[in-house]
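# Structural overview for review
Next come the chains, spelled out residue by residue.
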Amino acid sequence: MDHPESLWSFMHEQSAKLLQQTIQHIGLTFISLFITVLVGLPLGIYITRNKRAAGLVLGFAGVMQTIPSIALLGFLIPVLGIGPIPAITALFLYALLPVIRNTYAGINGVDPGVKEAALAMGMTGWQRLIRVDLVLAFPVIMAGIRTATVINVGVGTLAAYIAAGGLGEFIFGGIALNNTNMILAGAIPAALLAILLDFLLSLLQRAGNRSRRVALGLLPLVLLCLSSFYVLPLGYSSRLLAGFTPEFMGRRDGDIGLRAVYGLNIRTVVISDAVMYKAIFNRKLDVISGYSTDGRLKAYDLVTLEDDRKIFPPYYAAPVVRNEVMEKYPELAPVLNMLAGRINDSVMTDLNFRVEYLNQSPEQCARDFLVAQGLYRAPRNGKRGVVRLGSKIFPEQYILTDMYSMLVRGYTDLEVSSKTGLGGTKICFEALTHDQIDMYPEYTGTALLAILQPPAAETARLTVSRDSVYNYVKAAMQRDYHLTWLSPIGFNNAYALMMRRAQARQLRIQTITDLTNYLKKDRS
Amino acid sequence: MISVKNVTKTFGSYKAVDDISFSIKQGENIVFLGTSGSGKTTLLKMINRLLEPDHGEIAIDGVSIYVQRPEELRRKIGYVFQNNGLFPHYTISENISIVPRLLGWDKKRMAARAIELMEKLRLPSEQYGAAYPFQLSGGQQQRVGIARALAADPPILLMDEPFGALDPITRSAVKKDFKELDELRSKTIVLVTHDVQEAFELADRIFLMDKGKVVQEGTPDQLLFEPAGEYVRTFFEEQRFPLEAERIAAGDYPALIRAFDKFKNRHR
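Since the model is a prediction, treat every value here as computed from it, not as a measurement. (Residues numbered from 1 in each chain as written. Chains lettered and ligands numbered in written order. Predicted model: local features only at pLDDT ≥ 70, side-chain atom pairs only at ≥ 80, totals over all residues.)

Before going further, it helps to examine the overall build of chain B. Assigned secondary structure in chain B consists of 13 helices and 10 strands. In terms of overall size, chain B behaves like a compact globule, its C-alpha atoms giving a radius of gyration of 20 Å where 268 residues would be expected to give roughly 18 Å. Taken along the three principal axes of its C-alpha coordinates, chain B extends 60 × 45 × 30 Å. Burial analysis of chain B (268 residues in total) assigns 38% to the buried set. (Helix = DSSP H or I, 4+ residues; strand = E, 2+ residues; numbered from the N terminus. Rg over C-alpha atoms; globule rule 2.2 N^0.38 Å. Buried ≥ 20, exposed ≤ 12 C-beta atoms within 10 Å, placed from the backbone.)

See the structure below:
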């Protein structure tokens, strides 16, 4: 359990960030609210006069509301890219329904006798709208605006997925890192913000007749003023912009390490890895945190920067096998080791690229590779026994598993059954230790940080070299879990900073130190 | 002053007003009398264009009402609603000043006029001027409705069942003060009601309406004593005695007894 003190101290430590995120969040909420009112109010008024359009407009706004927020962001990214514009658009679309509906209901709810009297007195349609309809519908319209505001504060947390900032940065970072304090540091201010704004607007809603007229006049100004919050933090300049995942932001072998070890000082936005690669390709970002064998590296012509001070622990992949299986089928180990050292980073990246972007099947891709390497042999259809292969859910693991199953079938009399798609590390590893699978490819860094979790000092000492991590993991796994780590396949799927190839070449940046120096020079 | 020619208004397939023509002289008090659904309110609302006829022509002082903008027309015609139609968000004096404000009067003149009318309608301005409609009784609200209609001193006053929503005691009090208003002297008034007593009390001429047609048009005496048919005769039957009694000179007891006998025999 986390103690309240530690949450408090986290918030205290991160107060500058927290303040910035809160201000961004307020700005984001109000800028979209402003646009929503600007569009929704006239639209709501229009459909009180055109009943046929009413069904259409309310239907459209209703459908917008039902689209899951993440999906809506997904739809918007191809059209509007990342950053504030798609975020504001999404919030706008969400907030639209309550504003339109309440304007419509509010005006329709004005006593028809009063409306007729306004006309009978000689008011024009416009005069009646301003002096009678809107003023009398004001409480209902304000209720709609309140609802829209609360929705915006809530959905606004998702802006962190597409580099638009806000309190979602802490929330999603905290979820990725399983850090409760971080989640709360984002969630509590967001909740308080929603309550506070709702309360302030409720005061406005209950305002008397006279102050209501003043309020109607001031509302646009206040909205505009609060909207400007968002614009301000984006005002400062630095030539390069980094986009890091929420998880990377909170990791020691991530943003924190970059700042502490390299002294890297770069303007950073938080973004989900689903859209990050596309964004750097479209020059919306200049540096991203990615995985070094990701197929998108090739698809978008990116280069990884060398981690010359070794803050990213190595993530070398190697097959992990249960000891009983090793003893029962001694012929297995040499076959599995046939891949050792054969696949380096760029080969693995290329294989991932084929599957992710050229839509080849992992099996086809695995066979082509083995054939090219002269390793492929037709299955012997042996009956000596069955080896169960597992894999996590991503293309790299599928490709490796397919290669292993072809090798086992071709070189031994063993049959293979594949259990691909075993969620994440935890599920895969549990399956292995509970005798559900016999082997799967695992990464040294993952085994160290996610499974073994040695003390921080030990970790820091180990992560400087590929071999020390491998040796530690191999020994510990053998001792604690009776698992055998075979030889590494060769590639290192670690965290890496990436840039567009052309820009990196132009700025002569090859290592993270180069990047740090370039930014220092840039600033001076 | 007001001339109506061949006016017809239908709602869907229902003929609310069916080819009606008449004219009203300046200063006349006209009552459209009829049961609900007879078309009397529809006819009234066409005079200030709250409703537009399907056919026909309406003119005021010889000028067609369709050549001017409806709001310009309406500012020159007072209108009183059955359920007062006061603006709940306006004070009493603001409610009274709606039309003067639309006409662009200056503040001093508007305030003076509001006070004047409130006094005439027995609503002490210092007590009620800053009050809101919900703080007033039904009778007081209706007084404000009348004051609002008179505020810009329009030559024409349209009244849609103005006393219909009030209880009998309040009704007679409001009606009494209304009738005593000096403001009304030169005005042309068109009033809609289903109340025979009220029609006889206020009308110079009554238009008795049924199913969108004017069944008979004439002075109260003409309708009472020279009914133009069975419908008109039966319409007044219930109240024939009190209506006739009012028209008999004080002290003429034989005439009164004759009228009562006639009334009693019919109702046997």
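This part is about the overall build of chain A. Counting secondary structure elements, chain A contains 25 helices and 10 strands. Dimensions along the principal axes, computed over C-alpha positions, put chain A at roughly 100 × 55 × 50 Å. Buried positions account for 47% of the 524 residues belonging to chain A. Sequence separation of at least 24 residues holds for 80% of the intrachain contacts in chain A that already meet a minimum separation of 6. (Contact = placed C-beta atoms within 7 Å.)

Residue and element names in this part refer to chain A. Relative to the helices and strands, Leu-43 resides in helix 2 (residues 15–49). Residues Leu-43 and Pro-86, spaced 43 residues apart in sequence, show a C-alpha to C-alpha distance of 22 Å. Setting aside residues up to four positions removed in sequence, Leu-43 forms contacts with Val-57 and Ile-100.

So, on to the interface of chain B and chain A. Interface extent is often summarised as the accessible area lost during association of the parts. Counting from both sides, the interface comprises 15 residues of chain B and, opposite them, 14 residues of chain A. Those elements that provide at least two residues to the side of chain B that touches chain A are helix 2 (70–75) and helix 4 (98–102) of chain B. Here the residues of the side of chain B that touches chain A sort into eight nonpolar, four polar and three charged. (Nonpolar A, V, L, I, M, F, W, Y, C, P; charged D, E, K, R; others polar.)

The next subject is the packing of helix 18 (residues 362–372) of chain A against helix 19 (residues 395–411) of chain A. All names here are of chain A. One way to put it is that helix 18 packs onto helix 19 with a least axis distance of 8 Å and a crossing angle of 55°. With respect to helix 19, the axis of helix 18 lies oblique. In this structure, the crossing between helix 18 and helix 19 has a hand that is right-handed. In contact with Pro-362, Glu-363, Cys-365, Ala-366, Arg-367, Phe-369 and Leu-370 of helix 18, helix 19 contributes Pro-395, Tyr-398, Ile-399, Asp-402, Met-403 and Met-406. The residue inventory of the contact of helix 18 with helix 19, partitioned by class, reads 10 nonpolar, no polar and three charged. (Axes fitted to C-alpha atoms, helices over the stretch in contact; angles between N-to-C directions. Parallel < 35°, antiparallel > 145°, perpendicular 65-115°, else oblique. Left-handed = near helix turned anticlockwise from the far one by under 90°.)

Bringing unusual backbone geometry into the picture now. Of note in the backbone geometry, A:His482 takes a positive phi value of approximately 55° without being a glycine. Overall, the presence of 12 C-beta atoms within 10 Å leaves A:His482 in the exposed class. Of note, the phi angle at B:Asp153 is positive, near 50°, even though the residue is not glycine. Tracing the backbone shows B:Asp153 in the loop between helix 7 (138–150) and strand 7 (156–160).

Bringing the sheet that holds strand 10 (residues 213–218) of chain B into the picture now. Strand pairing in a sheet relies on backbone hydrogen bonds. The paired strands run either parallel or antiparallel. Residues and elements named next belong to chain B. Ordered by their spatial adjacency, six strands build an open sheet running 6-7-8-3-9-10, and the pairing between neighbours is mixed. Edge positions in the open sheet fall to strand 6 (77–80) and strand 10, since each of these has one partner strand only. Taking each pair of neighbouring strands and ignoring which way they run, the sheet shows an average axis angle of 15°. The pairing of strand 7 with strand 8 (residues 188–193) spans five bridges and is parallel. In the strand pairing of strand 8, Met-159 is matched with Leu-191. This element, helix 7, spans strand 6 and strand 7 of the sheet and lies at about 170° to strand 6. (Pairing = 2+ DSSP bridges.)

Once that is clear, we can look at the confidence of the model for chain B. On average, residues of chain B score 90 in pLDDT, and 98% of them reach the 70 mark or higher. In the model output, the complex is listed with pTM 0.73 alongside ipTM 0.89. (pLDDT = per-residue confidence, 0-100.)

Attention shifts here to the nonpolar core. All names here are of chain A. Judged by nonpolar contacts, the single largest core of 216 residues is most densely connected at Ile-162, Ile-271 and Met-403. With 14 residues, the single largest contributor to this core is helix 5 (residues 84–108). In contact with Met-403, other than residues within four places in its own chain, are Leu-339, Ala-366, Phe-369 and Leu-370. (Core = buried A, V, L, I, M, F, W, Y, C linked by C-beta atoms within 7 Å.)

In this section: the sheet that holds strand 5 (residues 63–64) of chain B. Residue and element names in this part refer to chain B. Ordered in space as 2-1-4-5, the four strands form an open sheet in which the pairing is antiparallel. At either margin of the open sheet sits one strand with a lone partner, and together these are strand 2 (14–24) and strand 5. Pairing of strand 4 (residues 55–60) with strand 5 involves two bridges; the strand directions are antiparallel. Looking at strand 5, one finds that Ala-59 is bridged to Ser-64.

Turning to the pairing of strand 9 (residues 205–210) of chain B, a few remarks are in order. Residues and elements named next belong to chain B. Relative to strand 9, strand 3 (residues 29–34) runs parallel, the two sharing five bridges. Considered in strand 9, the bridge of Phe-32 is made with Phe-207. Examined bridge by bridge, strand 9 and strand 10 share five bridges and lie antiparallel to one another. Within the sheet, the bridge partner assigned to Phe-207 lies in strand 10 and is Glu-217. Turn length for the strand 9-strand 10 hairpin, with the two strands adjacent in sequence and antiparallel, is two residues, and the turn residue Lys-211 shows positive phi of about 50°.

Moving on, we come to the environment of B:Ile96. Residue and element names in this part refer to chain B. The topology assignment puts Ile-96 in helix 3 (residues 92–96). Judged by C-beta crowding, with 32 C-beta atoms within 10 Å, Ile-96 ranks as buried. Taking the C-alpha atoms as reference points, Ile-96 and Asp-19, separated by 77 residues in sequence, lie 36 Å from one another. Excluding its chain neighbours within four sequence positions, the residues that come into contact with Ile-96 are Ala-114, Leu-117, Val-144, Ala-147, Arg-148 and Ala-151.

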